[in-house]
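Each chain is listed here by its residues.
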Amino acid sequence: MASSSQATLLLQKQLKDLCKHPVDGFSAGLVDENNIFEWSVTVIGPPDTLYEGGFFNAIMSFPQNYPNSPPTVRFTSEIWHPNVYPDGKVCISILHPPGDDPNGYELASERWMPVHTVESIVLSIISMLSSPNDESPANVEAAKEWRERRDEFRKKVGRCVRKSQELM
């Protein structure tokens, strides 16, 4: 079981590594210098996707027992996506608690594992933007639009991208 001090050390190391070796597609830092458990992340819309050119801000909140339990990630920027709840919370397999899925949709190997890092989480979110999963959506309306009314979906995403650019 990870202790709060182990979590603190691990998060400090991950932040330091990201500062030394930035990763294309996102930036990360602390919301408040005194709280290593809450990070501010900006995800840059991936090239050749509907989200290209967007700057989407999110808060990544880590539990005290990280890395044994996953963080939560919530976009604070408006974003229209099948795998993002209307309140901005991201729904991807690696952010689900470890172990078997009580609903039977995911394999245990697809869910949270302590080897995941901030980098692997954000890269999974970038991948999610590139390839929405409409099979088990967090936002049912966005998933229906993605499947049935792609032009309308594109327009909504385009508005989110423009809005994100205006806020930069």
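Conventions adopted
Residues numbered from 1 in each chain as written. Predicted model: local features only at pLDDT ≥ 70, side-chain atom pairs only at ≥ 80, totals over all residues. Heavy atoms only, no water. UniProt positions renumbered as here; feature names shortened; annotations may be inferred. Helix = DSSP H or I, 4+ residues; strand = E, 2+ residues; numbered from the N terminus. Rg over C-alpha atoms; globule rule 2.2 N^0.38 Å. Buried < 20%, exposed > 50% of the residue type's maximum accessible area, 1.4 Å probe, protein only. Phe/Tyr/Trp six-rings, centres within 6.5 Å; stacked < 30°, edge-to-face > 60°. 1 Å grid on protein atoms, 1.4 Å probe; cavity = no way out; pocket = protein on both sides within 12 Å on 5 of 7 lines; lining within 4 Å. Points joined across faces, edges and corners; volume = space filled by probe spheres on them. Nonpolar A, V, L, I, M, F, W, Y, C, P; charged D, E, K, R; others polar. Pairing = 2+ DSSP bridges. Axes fitted to C-alpha atoms, helices over the stretch in contact; angles between N-to-C directions. Contact = heavy atoms within 4.5 Å. Core = buried A, V, L, I, M, F, W, Y, C linked by side-chain atoms within 4.5 Å. Polar contact = N/O pair within 3.5 Å; in protein donor to acceptor, adjacent residues only side chain to side chain.

An unreviewed UniProt entry annotates the chain as E2 ubiquitin-conjugating enzyme of Tagetes erecta. The annotation that UniProt attaches to the chain under Function (unreviewed entry) is "Accepts the ubiquitin from the E1 complex and catalyzes its covalent attachment to other proteins. Involved in the formation of multiubiquitin chains. Signal the protein for selective degradation." Its UniProt record gives the chain a comment under Sequence similarities (unreviewed entry), which states: "Belongs to the ubiquitin-conjugating enzyme family."

Draft legend 1. Examining the overall build of the chain more closely. The helix and strand tally for the chain stands at 4 helices and 4 strands. Starting at the N terminus and ending at the C terminus, the chain contains elements arranged as α-β-β-β-β-α-α-α. For 168 residues, the compact-globule estimate of 2.2 N^0.38 gives 15 Å, and the chain sits close to it at 16 Å. Taking the principal axes of its C-alpha atoms as reference, the chain extends roughly 50 × 40 × 25 Å. Buried positions account for 42% of the 168 residues belonging to the chain.

Draft legend 2. Spotlight on the packing of aromatic side chains. All chains considered together, the criterion is met by 6 aromatic pairs. Aromatic side chains Phe62 and Tyr66 sit 4.9 Å apart centroid to centroid with 75° between the ring planes, which places their arrangement in the edge-to-face category. Classification of Tyr66 by relative accessible area gives buried; the value is 0%. Ring geometry for Tyr66 against Trp112: centres 6.0 Å apart, planes inclined by 45°, an arrangement best described as tilted.

Draft legend 3. Seen up close, the layout of surface pockets. Put simply, the largest pocket is a space of about 630 Å³. At the level of secondary structure, the elements contributing two or more residues to the lining of the largest pocket comprise strand E4 (72-75) and helix H2 (118-130). A per-element tally of the lining of the largest pocket places H2 first, with 3 residues. Grouping the constituent residues of the lining of the largest pocket by class yields 15 nonpolar, 10 polar and 5 charged.

Draft legend 4. The sheet that holds strand E1 (residues 26-30), seen in detail. In spatial order, the strands read E1-E2-E3-E4; together these 4 strands make up an open sheet with antiparallel pairing. Looking at strand neighbours, the two that pair on one side only are E1 and E4, the edges of this open sheet. Pairs of neighbouring strands in the sheet enclose a mean axial angle of 25°, with direction left out of account. Taken strand by strand, H2 contacts E1, strand E2 (38-44), strand E3 (55-61) and E4, and its axis lies near 40° from that of E2.

Draft legend 5. Structural view of the nonpolar core. If you look at the biggest cluster of nonpolar residues, it comprises 41 residues, and the most contacted ones within it are Trp39, Met60, Phe75 and Ile125. When contributions to this core are tallied by element, the ones reaching two or more residues are helix H1 (4-20), E1, E2, E3, E4, H2, helix H3 (140-148) and helix H4 (150-166). Ranked by residues supplied to this core, first place goes to H2 with 7 residues. Aside from chain neighbours lying at most four places away, what touches Met60 is Phe37, Glu38, Trp39, Val41, Pro71, Thr72, Val73, Val118, Ile121 and Val122.

Draft legend 6. Spotlight on unusual backbone geometry. Omega for the peptide link from Tyr66 to Pro67 comes to 10°, which places this bond in the cis form. Located in the positive-phi region is Asp48, a residue other than glycine, with phi close to 60°.

Draft legend 7. Summary view of the side chain of Asp101. Here Asp101 shows up in the loop between E4 and H2. A distance of 2.8 Å separates a polar side-chain atom of Asp101 from the backbone nitrogen of Tyr105. Discounting chain neighbours no more than four positions away, the residues touching Asp101 are Glu106 and Arg111.

Draft legend 8. Quick look at the pairing of E3. The alternating pattern of E3 places Phe56, Ala58 and Met60 on a buried face, while none of Phe55, Asn57, Ile59 and Ser61, on the opposite face, is buried. In this structure, E3 lies alongside E4, joined through 4 bridges in antiparallel fashion. Bridging from a neighbouring strand, Ala58 pairs with Phe75 of E4.

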